Amino acid sequence: MAKPNKTSLNSSDPMAFLQAAATTAQLPDCLQIAQLLQEATGHPPRMWGDAIVGFGQYHYKYESGREADFMLVGFAPRKSGISLYIYAHIPANEALLPQLGKYKMGRSCITIQQLQHINTAVMQQIARQTMAHLLAKWPSPGT
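Quick caveat: nothing in here was measured; it's all calculated off a predicted structure.

Novice: Sorry if this is basic, but what is going on with the overall build of the chain here?
Specialist: If you tally the helices and strands in the chain, you get four helices and six strands. Overall, the chain shows an N-to-C arrangement of helices and strands of α-α-β-β-β-β-α-β-β-α. For 143 residues, the compact-globule estimate of 2.2 N^0.38 gives 15 Å, and the C-alpha radius of gyration of the chain, at 15 Å, lies within 12% of that figure. C-alpha extents for the chain along the principal axes are approximately 40 × 35 × 25 Å. Within the chain, the fraction of its 143 residues that count as buried is 43%. Considering only contacts in the chain between residues 6 or more positions apart, those separated by 24 or more positions represent 55%. When the accessible surface of the chain is summed, it comes to about 8,100 Å², and 53% of that surface belongs to carbon and sulfur atoms.

What follows is the structure in C-alpha cells.
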C-alpha cells in the first residue's frame, strides 16, 4: 500500500504560519511572494502540510499506482532562505533561469535569500509556466 502524501492541503491559515515561521527579515518578502504568486496563478494561498504555502492544485497518478493531490506552486521560509517550489526543469523555465537573479537550485526548489535579488516578473512567469505544464501533464478528470 502506498504511503499517504504528508504534504497535503489543510485548513491552516497561511498568513498565521508565515507570521510564526518566517524570520523578521524574511516576513516582508514572504508576504510579497504570497501576493505575487497569487497574482501569477489566480489561486489564493493555502497551507500544504505544516510548512508550505501553496497555490492551486492538481491530481497526479503514476504508473506505479501512487496518486495524490498536490499544489501547483508554492514557497516556504526555511533557515537556509526562502524556498520557491516552482518547477524549473522544463525547457521554457530553464530558459528563464539566467534572468531570475541570485538563487540556488535545489533538487526540488529554488532558494533565494532576499526578494530584492530576483526578478519578480520572471518568478511569476516561471510560476505561470509551471502551472500550465502541470495542468497539461495531469489534466483534471473530465477535461
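Novice: Could you clarify how one ought to interpret the sheet that holds strand 1 (residues 45-48) in this entry?
Specialist: In a beta sheet, neighbouring strands pair by backbone hydrogen bonds and run either parallel or antiparallel. Strands sit in the order 1-2-3-4-6-5 across an open sheet of six strands; the sheet is antiparallel. The two strands at the open ends of the sheet, each matched to only one other strand, are strand 1 and strand 5 (104-105). Contacting strand 1, strand 2 (52-61), strand 3 (67-78), strand 4 (81-85) and strand 6 (110-112), helix 2 (residues 27-41) runs over the sheet at an angle of about 145° to strand 3.

Novice: How do you make sense of the packing of helix 2 against helix 4 (residues 120-137) when you look at a structure like this?
Specialist: Relative orientation and spacing of two packed helices are given, respectively, by the angle between their axes and the distance between those axes. Look at helix 2 against helix 4: their axes get within 9 Å of each other, and the N-to-C directions meet at 45°. On the basis of the axis angle, helix 2 is oblique to helix 4. Handedness of the crossing formed by helix 2 with helix 4: right-handed. When helix 2 is examined against helix 4, the residues Leu36, Leu37, Glu39, Ala40 and Thr41 are found in contact with a partner set consisting of Thr120, Met123, Gln124, Ala127, Arg128 and Met131. Of the residues contributing to the contact of helix 2 with helix 4, the split by class is six nonpolar, three polar and two charged.

Novice: When you look at the environment of Tyr62 in this model, what are you seeing that I'm missing?
Specialist: Inspection of the secondary structure assignment puts Tyr62 in the loop between strand 2 and strand 3. Overall, Tyr62 belongs to the partly exposed group, its relative accessible area being 41%.

Novice: Can you help me understand helix 3 (residues 91-100) in this one?
Specialist: Within the span of helix 3, buried status applies to Asn93, Leu96, Leu97 and Leu100. What you see down the axis of helix 3 is that its buried residues fit within an arc of 130°, all on one side. The outward face of helix 3, more than 90 degrees from its buried face, is lined by the exposed residues Pro91, Ala95 and Pro98.

Novice: Explain the pairing of strand 1 to me, please; I cannot follow it from the model alone.
Specialist: The side chains of a regular strand alternate between both faces of the sheet. Sheet topology places strand 1 next to strand 2; four bridges connect them, and they run antiparallel. Across the sheet, the residue bridging to Pro45 is Phe55, located in strand 2. The hairpin turn running from strand 1 into strand 2, its antiparallel successor, is three residues long, and Gly49 in that turn takes a positive phi close to 65°.

Novice: Just checking my understanding: could you explain the nonpolar core for this structure?
Specialist: Where a protein is soluble and globular, its nonpolar side chains tend to be buried together. Membership of the largest hydrophobic core comes to 31 residues, with the highest contact counts inside it found for Phe75 and Leu84. Elements with a minimum of two residues in this core: helix 1 (14-21), helix 2, strand 2, strand 3, strand 4, helix 3, strand 6 and helix 4. The element best represented in this core is helix 2, accounting for seven residues. In this structure Phe75 touches Leu18, Cys30, Ile33, Ala34, Leu37, Ile52, Val53, Phe55, Ile82, Ser83, Leu84 and Tyr85, once residues within four positions along its chain are discounted. Counting residues in hydrophobic clusters, the runner-up holds seven residues, among them Tyr58, Tyr60, Leu134 and Trp138.

Criteria and thresholds
- Residues numbered from 1 in each chain as written.
- Predicted model: local features only at pLDDT ≥ 70, side-chain atom pairs only at ≥ 80, totals over all residues.
- Heavy atoms only, no water.
- Helix = DSSP H or I, 4+ residues; strand = E, 2+ residues; numbered from the N terminus.
- Rg over C-alpha atoms; globule rule 2.2 N^0.38 Å.
- Buried < 20%, exposed > 50% of the residue type's maximum accessible area, 1.4 Å probe, protein only.
- Contact = heavy atoms within 4.5 Å.
- Areas by Shrake-Rupley, 256 points an atom, 1.4 Å probe, with all protein chains shown as cover.
- Pairing = 2+ DSSP bridges.
- Axes fitted to C-alpha atoms, helices over the stretch in contact; angles between N-to-C directions.
- Parallel < 35°, antiparallel > 145°, perpendicular 65-115°, else oblique.
- Left-handed = near helix turned anticlockwise from the far one by under 90°.
- Nonpolar A, V, L, I, M, F, W, Y, C, P; charged D, E, K, R; others polar.
- Arc of directions from axis to C-beta.
- Core = buried A, V, L, I, M, F, W, Y, C linked by side-chain atoms within 4.5 Å.

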